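# Descriptive structure summary
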Amino acid sequence: MNLNADTLWAAMLWGAVGSGFAIYGKKQDKPVPMIGGLVMMGATYFCESALVMSVAGAAISVGIVWLTRRGVGEE
């Protein structure tokens with residue numbers, strides 16, 4: 001595993017964004033942001049470089065916002 005400063009900073013950034021989505025989804029009782037946040041936090045463990053991690057984090061963020069605006073997971 002490549003543990004340079006860029007990878008650690010990217011993991012910290014995307015982990016914080018993911019935990020924010022997860023906490024928001026839990027408090028608002030919305031499954032899409034909660035599950036998406038958990039997936040984003042988990043993705044930081046599997047991505048080996050800061051670039052791949054940032055692309056994955058941005059894609060997951062866009063997916064969460066897109067699915068939430070479409071009303072997926074609403075009752």
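Summary of the structure given here. Because the structure is predicted, anything quoted here is derived from the model rather than measured.

### Some remarks on the environment of Gly63
Its place among the elements puts Gly63 in helix α3 (residues 50-70). Look at Gly63 and you get partly exposed, because its relative accessible area is 25%. In this structure the C-alpha to C-alpha distance between Gly63 and Gly36, which are 27 residues apart in sequence, comes to 8.2 Å.

### A few points about the nonpolar core
Of all hydrophobic cores here, the largest spans 7 residues; its members are Ala10, Trp14, Met40, Cys47, Ala50, Met53 and Ile64. Counting residues per element, the ones that place at least two in this core are α1 (5-28) and α3. Among the elements that make up this core, the one with the highest residue count is α3 (3 residues). If sequence neighbours within four positions are ignored, Trp14 has contacts with Met40, Thr44, Met53, Ser54, Gly57, Ala58 and Ser61.

### Re the environment of Met41
Examined against the element boundaries, Met41 turns out to sit in helix α2 (residues 31-46). Discounting residues that sit within four places of it in the chain, Met41 has contacts with Gly15, Gly18, Ser19 and Ala22.

### Description of α3
Over its 21 residues, α3 extends 30 Å from the first C-alpha to the last, a length consistent with the 30 Å expected when each residue adds 1.5 Å. Residues Ala50, Met53, Gly57, Ser61 and Ile64 constitute the buried set of α3. Looking down the long axis of α3, one finds its buried residues gathered within 70° of arc, a one-sided arrangement. Pointing more than 90 degrees away from the buried face of α3 are the exposed residues Leu51, Val55, Val62, Trp66, Arg69 and Arg70.

Cut-offs and rules
Residues numbered from 1 in each chain as written. Predicted model: local features only at pLDDT ≥ 70, side-chain atom pairs only at ≥ 80, totals over all residues. Heavy atoms only, no water. Helix = DSSP H or I, 4+ residues; strand = E, 2+ residues; numbered from the N terminus. Buried < 20%, exposed > 50% of the residue type's maximum accessible area, 1.4 Å probe, protein only. Core = buried A, V, L, I, M, F, W, Y, C linked by side-chain atoms within 4.5 Å. Contact = heavy atoms within 4.5 Å. Expected span 1.5 Å × (residues − 1). Arc of directions from axis to C-beta.

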